[in-house]
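So the chains spell out like this:
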Amino acid sequence: MRWYGIFGLLLIAAMVVWVWKRGEGKRVVVFPRPREAQGQRLEGVKLKPKETPVSATHLEELTVEVSQLVKVVIGQDDATARRYGARSKAVWKLGEELPEEAVTALLGYLRLTEDVLREERVDALKNDIINVLRTQRQVSPELSETLIAMFDSKAYGVAMLDYCIQHLGALQEASQDAEERARIYACLQRAALVPGASYAGTALIALVHTPGEDDEQRHFVNERVASLLYERDTHEAARITATQIAAERDYTELLPLIRSIVRDESLSATQRVAAIGALGLFRQREDVALLEDVLSKKENVRLRPAVEAAIKRIEK
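These remarks concern the structure in this document. Remember, predicted model here, so these are calculated numbers, not experimental data.

## Structural notes on unusual backbone geometry
Here's step 1: Its identity as a non-glycine residue notwithstanding, K154 has a phi of 55°, on the positive side.
Here's step 2: Positive phi is not limited to glycine here, since D250 has a value of about 60°.
Here's step 3: By secondary structure assignment, the location of D250 is in the loop between α11 (236–248) and α12 (255–263).
Here's step 4: The exposure class of D250 is partly exposed, given its relative accessible area of 47%.

As structure tokens, this is what we get:
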């Protein structure tokens, strides 16, 4: 058996020599290396893909990941469109350096008025999206324009409009663009002129924090505070905000009205607590008697902590 093996090897060697002899003088095809073979089509030859720097590959993966996250957030992913939890969770994974196309898609979604989710969940989701857009390293100037357009359209619920005003106030404080600040300020003024809406108070808070507030702007805030306290159809939240601002800015001319709120048992405890707190900030000695009178009535037990705190502040 050993001789058969040796004989077989000798036979193979002889065939190789014969083939080599026949190939003398003929061109020998040398297959190119993968990089040299770019653009060539050689049947039966499998070329390695073009090498890509690790950093570029990572960037492409991030872009794909962000693109998928955005689809989930705005409800374009069928598997998660009806799952608020999944969409909300995806918002907070977006990061602070979104590509322009992602920002554009999110801004487009904010303008939509329809979604498969319930309205309160859509409002919460959009609020989170706006928060993410505001925290970008480069905040898009289109964000404030989008929020202004949304507010002026009145095509959304009151809660969403309130969110718009809240974020516009923050954008006004952060903006370095005078024209953008002016557009935002004008929108906040329009919001403050709607006494029956909660966002009138939200707008007042933003207006109080207007950078470089001048006399005309301060006068507007003073006038709106007084109007919201006097008008009967003022939204409760707006009246509470006006009460607090009146005390913080020491609008003593509004004290008689604030005292009447403290006495008015037909009003909600929340409104009365705000007015009691305001009296504590004004620190007028004559108000101690009024507060003690409120404290003496059993039906005002819910007001006790606020009354005691106000008296303590006045007498301090």
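## A look at the pattern of salt bridges
Here's step 1: Under the counting rule described, the total for this entry stands at 13 salt bridges.
Here's step 2: Across the pair D115 and R87 runs a salt bridge whose closest N-O atoms are separated by 2.9 Å. Here D115 is found in the loop between α4 (100–111) and α5 (119–134), whereas its partner R87 is found in helix α3 (residues 84–91), with 28 residues between them in sequence.
Here's step 3: For R87, a relative accessible area of 0% gives the class buried.
Here's step 4: Taking the shortest distance from any N to any O, the salt bridge between R249 and E213 comes out at 3.1 Å. Of this pair, R249 sits in the loop between α11 and α12 while E213 sits in the loop between α9 (199–208) and α10 (215–230), and the two are 36 residues apart along the sequence.
Here's step 5: Among the residues examined, R249 registers a relative accessible area of 14% and is labelled buried.
Here's step 6: The partly exposed category is assigned to E213, whose relative accessible area is 25%.
Here's step 7: Among the charged side chains, a salt-bridge network with shared partners connects E96, E97 and R137.

## Quick word on the packing of aromatic side chains
Here's step 1: Scanning the entire structure with this criterion turns up one aromatic pair.
Here's step 2: Ring geometry for F151 and Y199: centres 5.1 Å apart, planes at 85°, overall edge-to-face. A residue pair is termed long-range when its members are at least 10 positions apart, and F151 in helix α6 (residues 142–153) and Y199 in helix α9 qualify at 48 residues. Both residues of the pair, F151 and Y199, count as buried.
Here's step 3: Between the NZ or CZ atom of K126 and the centre of the ring of Y109, over which it lies, the distance is 5.3 Å.
Here's step 4: We note K154 situated over the ring of F151; from NZ or CZ to the ring centre the distance is 3.8 Å.

## Focus on the packing of α12 against helix α14 (residues 287–296)
Here's step 1: Here α12 crosses α14 at 15°, and the two axes come no closer than 10 Å. Relative to α14, the element α12 is oriented roughly parallel. Judged by the sense of rotation from one axis to the other, the crossing of α12 with α14 is left-handed. Residues L255, R259, V262 and R263 of α12 form the contact with α14, whose participating residues are D287, L290 and V294.
Here's step 2: Among the residues making up the contact of α12 with α14, the classes are represented as four nonpolar, no polar and three charged.

## Looking at the layout of surface pockets
Here's step 1: Volume-wise, the largest pocket comes out at about 260 Å³.
Here's step 2: What lines the largest pocket is a set of 17 residues, among which L98, E100, V103, Q138 and S140 lie closest to the centre.
Here's step 3: Looking at the lining of the largest pocket, the elements that each hand over two or more residues are α4 and α6.
Here's step 4: The dominant element in the lining of the largest pocket, judged by the number of residues it contributes, is α4, at four residues.
Here's step 5: A breakdown of the residues in the lining of the largest pocket according to their chemical character gives eight nonpolar, four polar and five charged.

Reading the values: the criteria
- Residues numbered from 1 in each chain as written.
- Predicted model: local features only at pLDDT ≥ 70, side-chain atom pairs only at ≥ 80, totals over all residues.
- Heavy atoms only, no water.
- Helix = DSSP H or I, 4+ residues; strand = E, 2+ residues; numbered from the N terminus.
- Buried < 20%, exposed > 50% of the residue type's maximum accessible area, 1.4 Å probe, protein only.
- Salt bridge = Lys/Arg side-chain N within 4 Å of Asp/Glu carboxyl O.
- Phe/Tyr/Trp six-rings, centres within 6.5 Å; stacked < 30°, edge-to-face > 60°.
- Lys NZ or Arg CZ within 6 Å of the ring centre and 35° of its normal.
- Axes fitted to C-alpha atoms, helices over the stretch in contact; angles between N-to-C directions.
- Parallel < 35°, antiparallel > 145°, perpendicular 65-115°, else oblique.
- Left-handed = near helix turned anticlockwise from the far one by under 90°.
- Contact = heavy atoms within 4.5 Å.
- Nonpolar A, V, L, I, M, F, W, Y, C, P; charged D, E, K, R; others polar.
- 1 Å grid on protein atoms, 1.4 Å probe; cavity = no way out; pocket = protein on both sides within 12 Å on 5 of 7 lines; lining within 4 Å.
- Points joined across faces, edges and corners; volume = space filled by probe spheres on them.

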